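Descriptive structure summary
Listed below, chain by chain, are the residues.
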Amino acid sequence: MYDMRTREIQEAIEAADEALNHLERAKRSLSSASGWGLFDTLGGGFISGLIKHGKMSDPEYEINEAKKALSRFSKELRDVDGYSSVHINGFLTFGDLFCDGFLMDVLVQSQIGKAKRECENAISQVTKIRNDLKKML
């Protein structure tokens, strides 16, 4: 019984590590896109606009990977006594903002900022649960 419990906790920790890896990468990608977006908003021109839009695919990819990893983390967490699931407030929906189109640079900057805050919140929540799991070992 003890070995099974330990294994389930370790699997949940591994899933948390994977989710945190993608969340951190998404946060870095969002920061990069935000920097180029700010430059573009302040008059960077056609080339900076192209670079900014090119940079948007990185956070979109990482956000989608983070969603998958969070789903796996939630599944693994259900196997650990005392946890029913993980609910990352808002995070599972913010990836959709990249599919809506970019009508205004200011709106894009606002959306990137919101996505970064939600990413940071998700990192904080997953890190807390991961630390709690480590204490259970």
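Helix and strand counts for the protein chain stand at four helices and zero strands. Contacts in the protein chain between residues far apart in sequence, at least 24 positions, make up 81% of those at least 6 positions apart. Carbon together with sulfur atoms contributes 54% to the accessible area of the protein chain, which is approximately 7600 Å² in total.

This brings us to the nonpolar core. Grouped together as the largest cluster of nonpolar side chains are 26 residues, with contacts concentrated most on L23, F73, L77, C119, V126 and L133. Elements that contribute at least two residues to this core include exactly helix 1 (2–44), helix 3 (57–78) and helix 4 (105–136). The leading source of residues in this core is helix 1, at 11 residues.

Moving on: the pattern of salt bridges. Within the structure shown, the criterion is met by eight salt bridges. Its salt-bridge partner being R72, residue E18 comes within 2.9 Å of it at the nearest N-O pair. Taken together, the positions of E18 in helix 1 and R72 in helix 3 put the pair 54 residues apart, joining distant regions of the chain. Here E18 falls in the partly exposed class, since its relative accessible area comes to 33%. A relative accessible area of 31% places R72 in the partly exposed class. The partner of E118 in a salt bridge is K114, with the nearest N and O atoms 3.4 Å apart. Taken as a pair, E118 and K114 lie in helix 4 at a separation of four residues, close to a single helical turn. Residues participating in the shared-partner salt-bridge network are R7, E8 and E11.

The next point concerns the confidence of the model for the protein chain. Looking at the protein chain as a whole, the pLDDT averages 77, with 64% of positions reaching at least 70. Note on residues 92–103: pLDDT under 50 across the span, and 20 contacts to partners over four residues away in sequence or across chains.

As a further point, take the environment of S74. Mapped onto the fold, S74 is located in helix 3. Considering only alpha carbons, one finds S74 and A16, 58 residues apart in sequence, at a separation of 8.9 Å.

A rise of 1.5 Å per residue sets the reference length of helix 3, with its 22 residues, at 32 Å; its end C-alpha atoms lie 32 Å apart and thus fit the reference within 8%. Buried within helix 3 are the following residues: P59, E62, I63, E65, A66, K67, A69, L70, F73, S74, E76 and L77.

We now examine the environment of F73. Tracing the sequence through the fold places F73 in helix 3. Given the relative accessible area of 0%, F73 is considered buried.

What counts, and at which threshold
- Residues numbered from 1 in each chain as written.
- Predicted model: local features only at pLDDT ≥ 70, side-chain atom pairs only at ≥ 80, totals over all residues.
- Heavy atoms only, no water.
- Helix = DSSP H or I, 4+ residues; strand = E, 2+ residues; numbered from the N terminus.
- Contact = heavy atoms within 4.5 Å.
- Areas by Shrake-Rupley, 256 points an atom, 1.4 Å probe, with all protein chains shown as cover.
- Core = buried A, V, L, I, M, F, W, Y, C linked by side-chain atoms within 4.5 Å.
- Buried < 20%, exposed > 50% of the residue type's maximum accessible area, 1.4 Å probe, protein only.
- Salt bridge = Lys/Arg side-chain N within 4 Å of Asp/Glu carboxyl O.
- pLDDT = per-residue confidence, 0-100.
- Expected span 1.5 Å × (residues − 1).

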